[in-house]
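Next come the chains, spelled out residue by residue.
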Amino acid sequence: MDSEESRKAGLELAGLIDLATPFAIRTAVTLKLPELIADGTGDVAALAEASGADRDALERLLRHLVHIGLFSDEDGSYGLTALSRRLLAEDGKWLKDWLLLDGPGARMDLAFSGMLHSVRTGASAYGAVHGTPFWDDYQRDDDLRRFFGDVMVAYAWQTGPVLAAEFDWEPVRSVIDIGGGQGALLSEIVKANPHLDGEVLDLPAVEPEAEEFLREAGVAERATFVPGSFFDELPTGRDVYLVSRVLTDWNDEDAARILRRCAEAAGHGRVVIVEVLAGDSHAQQNTSFDLQSLVLLGGRERSVADFEVLADKAGLTVLDTRTWPGGLVVVECGKR
């Protein structure tokens, strides 16, 4: 490698390992700089006073944020750019909340500092970093539970409208969404299919948020919350047992256990696996997301073939597999 190639490689590597930028963005969001600038506070002294920051330190922070394009600087007056406006968009609230340094999203992301543990063991690093496994924290920390639930609601746009419209719900009368959180996906399905009765099953701690969500979605009369765990016996006799974006959070052994519980309860019904798979427009950062699944939860991204293997281990037969633009995949299974 000649000196010029070496220099370019060094610069590229320096950019890849830079930690200042992500923490600078999180600091800006935590200080509410986008909101302050949007309201017309563009002078550094005024921004420092409004955000409770040291003026000199804030100016140094803003210099870097202008350099990376988060803000603009016109003769000492800071303004928004397309990037910072994205943080203020109505559908960007979940992302902004994730970036708060004093919020659950930062706590979740700090699990990446334990990546060596995950790569050596194949297990989640969250407990190694924070002293408590993620799902234990989830059940006892209201802020973390609500935050995680809100993120799952934000992700439901990838699956809900298409699944509600394109899956053949005509012969179905009852559907239960296993591990469905607040019920965002179920709400989309029952709203689009008035003949359906639906249930969403999740841990008892989720019940207050789920009941509020279903009520505000206007589906509480046909969609109810069922407290429970997908590792325990499930309610029997439903036509469809929906498992949407759940298996990614678990290793192969636990994912097979979840599907086995569904198979036991389904009888002659169907178990329907719903995922947004790797490499498509909704998963462009898939390699990073796969590592996040590993480090945070001990889970993994999977292919259709992987889901077929899991289904077989759970005593299920794959009846049909359908894909839609955007990476949405539905694997329909019946009991073997």
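For clarity, every value in this text was computed on a predicted model and none was experimentally measured.

Parameters at a glance
Each chain carries its own residue numbering, running from 1 in the written order of its sequence. Whole-chain, interface and lining totals are the exception, using all residues; otherwise, since this is a predicted model, local features are given only for residues with pLDDT of at least 70 and side-chain atom pairs are given and counted only at 80 or more. For side-chain calculations, the full set of non-hydrogen atoms in the structure is used, while hydrogens and water are omitted. Going along the chain from the N terminus, every DSSP run of H or I of four or more residues is numbered as a helix, and every run of E of two or more is numbered as a strand. Each residue is assigned to one of three classes by its accessible area relative to the maximum for its type, calculated with a 1.4 Å probe on protein chains only: buried under 20%, partly exposed between the two thresholds, exposed over 50%. Contacts described as polar in this section are N or O atom pairs within 3.5 Å, which, within protein, must combine one atom able to donate a hydrogen with one able to accept it, while residues neighboring in sequence count only if both atoms come from side chains. Should any heavy atoms of two residues lie within 4.5 Å, those residues are counted as being in contact. Axes, fitted as lines to C-alpha atoms, cover a helix only where it is in contact. Angles between the N-to-C directions of the axes lie from 0 to 180 degrees. When describing relative orientation, an angle under 35 degrees is termed roughly parallel and one over 145 degrees roughly antiparallel, while 65 to 115 degrees is termed roughly perpendicular and anything else oblique. In this scheme, a crossing is called left-handed if the near helix is turned counterclockwise away from the far one by less than a right angle; it is called right-handed if the turn is clockwise. Residues are grouped as follows: Ala, Val, Leu, Ile, Met, Phe, Trp, Tyr, Cys and Pro are nonpolar; Asp, Glu, Lys and Arg are charged; every other residue, Gly included, is polar. UniProt positions are given in the numbering used here, feature names are shortened, and annotations may be inferred rather than shown by experiment. Each pair of strands is called paired provided DSSP finds at least two bridges between the two strands. Side-chain rings of Phe, Tyr and Trp (the six-membered ring for Trp) are treated as a pair once their centres are within 6.5 Å; stacked means planes under 30 degrees apart, edge-to-face means over 60, and tilted covers the remaining angles.

Attention shifts here to the side chain of threonine 248. Looking at where threonine 248 falls in the secondary structure, it is placed in the loop between strand S6 (240-244) and helix H16 (252-266). Classification of threonine 248 by relative accessible area gives buried; the value is 6%. In terms of polar contacts, threonine 248 uses its side chain to reach the side chain of glutamate 275, at 3.1 Å. Apart from residues no more than four positions distant in its own chain, threonine 248 is found in contact with Glu275, Phe289, Ser293, Gly299, Arg300, Glu301 and Arg302.

Their axes nearest at 10 Å, the elements helix H2 (residues 20-30) and helix H5 (residues 55-67) cross at an angle of 115 degrees. Compared by their axis directions, H2 and H5 come out roughly perpendicular. As H2 runs across H5, the sense of the crossing is left-handed. Taken together, the residues of H5 that come into contact with H2 (itself represented by Thr21, Ala24, Ile25, Thr27 and Ala28) are Leu61, His64 and Leu65. Classifying every residue of the contact of H2 with H5 by side-chain character gives five nonpolar, three polar and no charged.

Here we take up the UniProt feature "domain: O-methyltransferase dimerisation" (unreviewed entry) in the protein chain. Under the UniProt annotation, "domain: O-methyltransferase dimerisation" (unreviewed entry) lies at residues 20-89. Note that residues 20-89 is 64% helix and 11% strand, and that its end C-alpha atoms are spaced 25 Å apart.

This part takes up the sheet that holds strand S7 (residues 270-276). Pairing is mixed in the open sheet, where seven strands are placed in the order S5-S4-S3-S6-S7-S9-S8. The open sheet terminates on both sides in strands that have one partner only, identified here as strand S5 (223-227) and strand S8 (316-324). For this sheet, the mean angle separating the axes of adjacent strands, direction not counted, is 20 degrees. Here S6 runs beside S7; their pairing, made up of five bridges, is parallel. Bridge pairing in S7 places valine 243 opposite isoleucine 273. Along the sheet, helix H15 (residues 207-216) contacts strand S4 (197-202) and S5; its crossing angle with S5, the most-contacted strand, is approximately 175 degrees.

This part is about the packing of aromatic side chains. As enumerated under the stated definition, the model contains 14 aromatic pairs in all. Aromatic pair tryptophan 98 and phenylalanine 147: ring centres 5.6 Å apart, planes at 70 degrees, arrangement edge-to-face. Highlighted residues: tryptophan 98 in helix H7 (residues 93-99) and phenylalanine 147 in helix H12 (residues 142-155), separated in sequence by 49 residues. Note on accessibility: tryptophan 98 and phenylalanine 147 belong to one class, buried. Feature note: the residues Tyr126, Phe134, Trp135, Tyr138, Phe148, Phe230, Phe231 and Trp250 constitute an aromatic cluster, connected by ring pairs.

Inspection of the secondary structure assignment puts alanine 256 in helix H16. A sequence separation of 51 residues divides alanine 256 from phenylalanine 307, and the C-alpha atoms of the two residues are 9.3 Å apart. When sequence neighbours within four positions are dropped, the list of residues in contact with alanine 256 reads Leu310, Lys313 and Ala314.

Following both chains from N to C, one finds H16 and helix H18 (residues 304-313) inclined at 60 degrees, their axes separated by 8 Å at the closest point. Classified by the angle their axes make, H16 and H18 are oblique. Considering the relative orientation of H16 and H18, their crossing is right-handed. Only Leu310, Ala311 and Lys313 of H18 make contact with H16, whose side of the interface consists of Asp252, Ala255, Ala256, Leu259 and Arg260. Tallied by class, residues from the contact of H16 with H18 come to five nonpolar, no polar and three charged.

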